[in-house]
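Secondary and tertiary structure notes
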Amino acid sequence: MKRLRVLSVASEVYPLVKTGGLADVVAALPAALAREGVETRTLVPGYPGVIDALHGAEAIHTHAHLHGGPARLLAAHAAGLDLLVLDAPHLYARPGNPYLGPDGAPWADNALRFAALAQCAASIARGAVPGFAPDVVQAHDWQAGLVPALLHYAGGPRPGTVMTVHNLAFQGQFPPELLATIGLPPHAYGIDGVEYYGTIGYLKAGLALADRITTVSPTYAAEILTPEGGMGLDGLLRHRADVLTGILNGIDDALWNPETDVHLVQRFDASHLARRAANKAALQARLGLDVAPSAFLFGVVSRLTLQKGMDLLLEALPTLIRHGAQLALLGAGDKPLEDAFAAAAARIPGRLAAVIGYGESLAHLMQGSVDALLVPSRFEPCGLTQLCALRYGAVPVVARVGGLADTVIDADESAPAAGTGTGIQFAPVSRGNLELAIGRAVALWRDVGTWRALQARAMATDVGWTRPARHYAALFRALAAHRPA
Ligand code: ADP
């Protein structure tokens, strides 16, 4: 089979820079694709976390002026990846969140920061890196959305382009006056091009002009074609439905492996589920919860946002407590939600714990400890935490939306006798249905045999990257075979 070359363009890559699941996917997919004969190089901005991780980087190009300052394209191996890094300190040498300044507002020059990334990608796509002529360029989310547009309007031979949507809620809209500055011709500003409600839409541009569109679950691929799920882009997506595919994400099952996880107090597998008890006790002690094996422990590892249904969970807390359960929450996000969870935990210390912040190690311990992981999202393109939960026997209790619908099988609806359930789903997403799902989880847990069987089935779910990578590889090959001239 011919080796295929892919340029992956993204603004995040685990563990160098991460605000969400995008970073995990960008980091994990290349190794799985390599097993399918696909070679990936990943272009990312030179944020401080990226630059610090580079050793022996080679400068391939230098630009005297790229949107206000000098820039270099660096090539290096880091984090197990073949990285290409756009080192432009005036655009990216800023600590903290990659998109937001210290005041919590988006950086004023985000349009230029991500136009620079896309322009760099377009030049690589057209041969700027010696010895690397990509067959396909995969653009992840709005930060890379201009790549298909720049290649389309440049004309001439080019690789196939794939726009991958990890979350349609983030769209990147900027003033139309920037059109020429970001390298687009006047005729690009139209309904079939980059124009989007009077702005330049970076994600819209990618969706309109990429050869293929993928998103991260089949159900989300269907949801975004509807006015309810399309976030203003459903009309365009319906128009392009023939090139849209939903491919589920996986997780790195070496990184997320309860048999070898160094963050656990006690490692375990599906045949030794009783060992989880030591993790639960350790987590309860660490978070100041009552160290009670007999208390059902729910966990949350999430951005604290309305998308994730965290307001519904706040409202459901009295019910959760009434069931005699505990909640351990790890999350950061909207300030009012952070404050509300911190206040609730302070009110009921032995039963509710809220760690406001980001913690990789604690996230692992939570997955290996909690009896159930709650994911009450209003919409969820794929979701990764429920995949980790499945692998760790933390029974996922999820809203039946997007990738959550595709990855969790409801224990009741599959009929307990059929023995196919891997978690609990509820729909439609409401406080009442979340409360019912919480009650169902606690009730099921009272029967140790039923619960253990449910955990074991959850842990047997295939959550790795092999299957998704085959799907991507097939899509890339088909595209490369019909490569536009
Ligand atoms: P999203 O990308 O919408 O935030 P996903 O479930 O797809 O949601 O991916 C979230 C990723 O970030 C998962 O790997 C999850 O474990 C991790 N994560 C989210 N919040 C935290 C946190 N506070 N601490 C540690 N990891 C977190």
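Here the structure is a predicted model, which means the values were calculated and not measured.

Let us now look at the pattern of salt bridges. Side chains that differ in charge, positive against negative, can pair when their charged atoms come close. The final tally for this structure, using the stated rule, is 16 salt bridges. The salt bridge involving D87 is made with R72; its shortest N-O contact spans 3.0 Å. Of this pair, D87 sits in strand 5 (residues 81–87) while R72 sits in strand 4 (residues 71–78), and the two are 15 residues apart along the sequence. We note a salt bridge from E380 to K308, for which the minimum N-O separation is 2.8 Å. A residue pair is termed long-range when its members are at least 10 positions apart, and E380 in the loop between strand 16 (372–375) and helix 13 (385–391) and K308 in the loop between strand 13 (297–304) and helix 10 (310–322) qualify at 72 residues. The two residues E380 and K308 agree in class, both being buried.

To continue, consider the site of the ligand. The environment of the ligand is made up of 17 residues, and the closest members are G21, R303, K308, G357 and L384. Contacts to the ligand include K308, whose side-chain N or O atom sits 2.9 Å from an oxygen atom. One of the backbone N or O atoms of L384 is found 2.8 Å from an oxygen atom in the ligand. Bound to the protein, the ligand loses 92% of the 560 Å² it would expose on its own. At the level of secondary structure, the elements contributing two or more residues to the shell around the ligand comprise helix 1 (21–34), strand 13 and strand 14 (326–333).

Empty space among the atoms can be located by rolling a probe the size of a water molecule over them. The calculated volume of the second largest pocket comes to roughly 330 Å³. Taken together, 17 residues form the lining of the second largest pocket, with A277, K280, D371, W445 and R452 sitting closest to its centre. Of all elements in the fold, only helix 9 (276–287) and helix 16 (448–460) reach the threshold of two or more residues within the lining of the second largest pocket. Per-element accounting of the lining of the second largest pocket gives the leading share, five residues, to helix 9. A breakdown of the residues in the lining of the second largest pocket according to their chemical character gives ten nonpolar, three polar and four charged.

Right, let's talk about the side chain of N257 for a bit. Considering the arrangement of structural elements, one finds N257 in the loop between strand 12 (244–246) and helix 9. The exposure class of N257 is buried, given its relative accessible area of 14%. Within polar-contact distance, the side chain of N257 engages the backbone nitrogen of E259 at 2.9 Å. Setting aside anything within four residues of it in sequence, one finds N257 in contact with R391 and Y392.

The next thing to look at is the sheet that holds strand 1 (residues 4–9). Reading across the sheet, the nine strands line up as 3-4-5-2-1-6-7-11-12 and stay open at both edges, with mixed pairing between neighbours. Each having just a single partner strand, strand 3 (58–63) and strand 12 make up the two edges of the open sheet. The sheet shows a mean angle of 25° between the axes of neighbouring strands, taken without regard to direction. Pairing analysis gives six bridges linking strand 1 to strand 2 (residues 38–45), with the strands arranged parallel. Each residue of the ladder has a partner; that of R5, found in strand 2, is E39. Sheet strands touched by helix 5 (residues 146–154): strand 1, strand 6 (136–140) and strand 7 (160–165). Its angle to strand 6, the strand with the most contacts, is close to 140°.

The terminal C-alpha atoms of helix 16, which comprises 13 residues, lie 18 Å apart, in line with the 18 Å expected from a rise of 1.5 Å per residue. For helix 16, the full list of buried residues reads W451, L454, Q455, A458 and M459. Each buried residue of helix 16 sits inside an arc of 135° when the element is viewed along its axis, so together they form one side. Looking at the buried residues of helix 16, the elements they touch are helix 9, helix 13, strand 17 (395–399) and helix 15 (431–445). The N-capping residue of helix 16, defined by a side-chain oxygen 3.1 Å from the backbone nitrogen of G449, is D447.

Reading guide: rules and limits
Residues numbered from 1 in each chain as written. Predicted model: local features only at pLDDT ≥ 70, side-chain atom pairs only at ≥ 80, totals over all residues. Heavy atoms only, no water. Salt bridge = Lys/Arg side-chain N within 4 Å of Asp/Glu carboxyl O. Helix = DSSP H or I, 4+ residues; strand = E, 2+ residues; numbered from the N terminus. Buried < 20%, exposed > 50% of the residue type's maximum accessible area, 1.4 Å probe, protein only. Near = heavy atom within 4 Å. Polar contact = N/O pair within 3.5 Å; in protein donor to acceptor, adjacent residues only side chain to side chain. Areas by Shrake-Rupley, 256 points an atom, 1.4 Å probe, with all protein chains shown as cover. 1 Å grid on protein atoms, 1.4 Å probe; cavity = no way out; pocket = protein on both sides within 12 Å on 5 of 7 lines; lining within 4 Å. Points joined across faces, edges and corners; volume = space filled by probe spheres on them. Nonpolar A, V, L, I, M, F, W, Y, C, P; charged D, E, K, R; others polar. Contact = heavy atoms within 4.5 Å. Pairing = 2+ DSSP bridges. Axes fitted to C-alpha atoms, helices over the stretch in contact; angles between N-to-C directions. Expected span 1.5 Å × (residues − 1). Arc of directions from axis to C-beta.

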